[in-house]
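As a plain string of letters, each chain reads:
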Amino acid sequence: MRKIQMVDLKGQYNDIKDVVNPSIHEVIETTAFINGPKVHEFQKNLEEYLGVKHVIPCANGTDALQIAMMGLGLKPGDEVITADFTFAATVEVIALLQLTPVLVDVNPDDFNINIEAIKKAITPKTKAIVPVHLFGQCADMEAIMNIAEEHNLFVIEDNAQAIGATYTYKNGKKVKVGTIGDVGATSFFPSKNLGCYGDGGAIFTNNDDLAHTIRGIVNHGMYERYHHDVVGVNSRLDSIQAAVLNAKLPHLDRYNERRNLAATKYDKALKNIDGIITPFRSGEADNHVFHQYTLQIKGIDRDALVKHLNENDIPCGVYYPIPLHRQKAYLDERYNEADFEVTNQLVKEVISLPMHTELDDEQIEHITSTIINFING
């Protein structure tokens, strides 16, 4: 059996290296390292794939979120609602811009932001909602957009974990996530479903004026060299990373299908095991692209299971062990523990198994049987 990896980037590379290697070499030969042809090519290809008018590449996913908020003109003190159960980057950029983060609880099934909690958190100072499509599954965007329209709020989609996922409206209309709100942000960190070989990110929008503003922000606020029209940052996707992403983009749907297939095999092996809750899938199959395959463990020592898996050379992850509202950097006396019942429970129970495009049946069988043997003692 091949060594089990949390994410097998080497195996994925071996499958596409005949395209990746010459693409990288072309960038080196032309020395067009910043804003070169490969970046513009990737931008156009991703726009076509997502069905969105504007893709603005940038240096990483955290920058993408920050720049999206800067582009919307949010002001210090404006309240921004987002989920308590997610990676810190989402709330980090809110705080960096001196906006006021308002953390709310998530759903007990799909772990995405809770609609009723959003409604409860809205005040006259609320200006935006940041739904996170957690672990690769779409948040309830139709409901979120309805709330935003009712209260005149911006919606900024954190799509760092769900590139390629498709949201289906009640009327059957299908749209790629990240393109539904006013603006979307994603990460191309190497372990993502569409990952480069370093850092990278992008911002999506169908708003022409917003896209123009953001294009200036990512490049020091310049539209014309040495003319700084807006306050900007230095956040550009380099050409080598764009070359890698261009090579991977045509395979993204296949990558996501392979992740779904692996998830289905995990489900089948673990669905009837006492103490294990397999991931909930809402909507249609393309609603979830399984950036992570995350179990809930009930009545079992989660940390002991983690130790057991590691002792058997099976990597795993706990995403996330501490709620954002309890993180030292984001403590706030406004928060009431009773409002985070789901998140406070999830952090004690979740465990994510290896998930990537190269998982094979032998590896999945070994992972699941190791878990079952632990539970059965």
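That block above? That's the structure.
Given the structure is predicted, the values throughout are model-derived calculations rather than measurements.

Enquirer: Quick one: what's the story with the sheet that holds strand β8 (residues 183–187), residue by residue and with numbers?
Expert: Read from one edge to the other, the open sheet built from 7 strands follows the order β1-β9-β8-β5-β4-β2-β3, with strand pairing classed as mixed. Here the strands that pair on one side only, and so sit at the sheet edges, are β1 (54–58) and β3 (100–104). Shown here is a sheet whose adjacent strand axes are inclined to one another by a mean of 25°, direction ignored. Looking at chain direction, strand β2 (residues 79–83) and strand β4 (residues 126–130) are connected through 4 bridges and run parallel. Within β4, the position partnered with glutamate 79 by the bridge is threonine 126. Contacts between helix α2 (residues 37–50) and the sheet are confined to β1 and β9 (201–205), with β1 contributing the most and set at about 135° to the helix.

Enquirer: Talk me through the packing of aromatic side chains; I want residue IDs and the actual numbers.
Expert: By the definition in use, this model includes 13 aromatic pairs. Each ring, one from phenylalanine 85 and one from tyrosine 320, has its centre 5.9 Å from the other, and the planes form 80°; the classification is edge-to-face. Placement of phenylalanine 85 in the loop between β2 and α4 (89–96) and of tyrosine 320 in the loop between α10 (302–311) and α11 (341–349) is noted, with a sequence separation of 235 residues between them. As far as burial versus exposure is concerned, phenylalanine 85 and tyrosine 320 are alike and both buried. Grouped by ring-pair contacts, the aromatic residues Phe85, Phe87, Phe111, Phe135, Tyr319 and Tyr320 constitute a single cluster. The ring centre of tyrosine 169 lies 5.5 Å from the NZ or CZ of lysine 173, which sits over that ring. One Lys or Arg, arginine 334, reaches over the ring of tyrosine 335 and ends 5.1 Å from the middle of that ring.

Enquirer: For the pairing of β1, give the residues involved together with the corresponding values.
Expert: Most of β1 sits inside the fold, with 5 of its 5 residues counted as buried. Burial of the side chains of β1 extends over both faces: His54, Ile56 and Cys58 are buried on one face and Val55 and Pro57 on the other. Where β1 lies against β9, 5 bridges are found, and the strand directions are antiparallel. Its bridge partner being in β9, proline 57 is matched across the sheet by alanine 202.

Enquirer: Explain the pattern of salt bridges residue by residue, including any values.
Expert: Counted under the stated rule, the structure contains 17 salt bridges. The partner of aspartate 360 in a salt bridge is arginine 2, and the shortest N-O contact between them spans 3.1 Å. Taken as a pair, aspartate 360 in the loop between β14 (350–353) and α12 (361–376) and arginine 2 in the segment before α1 (9–30) lie far apart in primary sequence, 358 residues in all. Among the residues examined, aspartate 360 registers a relative accessible area of 23% and is labelled partly exposed. With its nearest N and O atoms 3.3 Å apart, the salt bridge here joins lysine 38 to glutamate 26. A residue pair is termed long-range when its members are at least 10 positions apart, and lysine 38 in helix α2 and glutamate 26 in helix α1 qualify at 12 residues. Members of the salt-bridge network, linked through shared partners, are Arg2, Asp8 and Asp360.

Enquirer: Which residues make up helix α7 (residues 208–217), and what are the values?
Expert: Buried within α7 are the following residues: Leu210, Ala211, Ile214, Gly216 and Ile217. Each element contacted by the buried residues of α7 is listed here: β1, α3 (61–71), β8, β9 and β10 (222–224). Its side-chain oxygen placed 3.0 Å from the backbone nitrogen of aspartate 209, asparagine 207 serves as the N-cap of α7.

Enquirer: Now, about the packing of α2 against helix α8 (residues 239–248): what can you tell me, with residues and values included?
Expert: Pairs of packed helices are described in terms of their axes, by the angle between the two and the distance that separates them. Running from amino to carboxyl end, α2 crosses α8 at an angle of 40°, the nearest separation of the two axes being 8 Å. The angle between the axes of α2 and α8 places the two elements in the oblique class. In this structure, α2 crosses over α8, and the sense of that crossing is left-handed. In this structure, α2 uses Lys38, Val39, Glu41, Phe42 and Asn45 to contact α8, whose residues at the interface are Ser239, Ala242, Ala243, Leu245 and Asn246. Counted by class, the contact of α2 with α8 contains 5 nonpolar, 3 polar and 2 charged residues.

Rules of the game
Every chain is numbered independently, its residues counted from 1 as its sequence is written. Only residues with pLDDT of at least 70 get local features here, since the model is predicted, and only at 80 or more are side-chain atom pairs given and counted; chain-wide, interface and lining totals rely on the full set of residues. Heavy atoms from the whole structure form the basis of all side-chain values; hydrogens and water molecules are not counted. A pair of strands is considered paired only if DSSP assigns at least 2 bridges between the two. Each helix is a run of H or I in the DSSP string that is no shorter than four residues. Each strand is a run of E no shorter than two, and both are numbered from the N terminus. Note on geometry: axes are lines fitted to C-alpha atoms, helical ones only across the stretch in contact, with angles between N-to-C directions running from 0 to 180 degrees. The criterion used for residue contact is that any of the two residues' heavy atoms lie within 4.5 Å. Note on aromatic pairs: the rings of Phe, Tyr and Trp (six-membered ring only in Trp) are paired at centre separations within 6.5 Å, and the planes decide the class, stacked below 30 degrees, edge-to-face beyond 60, tilted for the rest. Exposure is judged per residue with a 1.4 Å probe applied to protein chains only, and the accessible area is read against the type maximum: over 50% gives exposed, under 20% gives buried, and values in between give partly exposed. Over a ring means this: the NZ of a Lys or the CZ of an Arg is within 6 Å of the ring centre and within 35 degrees of the ring normal. Any carboxyl oxygen of Asp or Glu that lies within 4 Å of a side-chain nitrogen of Lys or Arg is treated as forming a salt bridge with it. Think of a polar contact as two N or O atoms within 3.5 Å of one another; within protein, one of them needs to be a possible hydrogen donor and the other a possible acceptor, and neighboring residues in sequence only count if both atoms come from side chains. Our angle categories are set so that under 35 degrees counts as roughly parallel, over 145 as roughly antiparallel, 65 to 115 as roughly perpendicular, and the remainder as oblique. For any pair of crossing helices, the crossing counts as left-handed if the nearer helix is rotated counterclockwise from the farther one by less than a right angle, and right-handed if it is rotated clockwise. The nonpolar class holds Ala, Val, Leu, Ile, Met, Phe, Trp, Tyr, Cys and Pro. Asp, Glu, Lys and Arg form the charged class, and all remaining residues, Gly among them, are polar.

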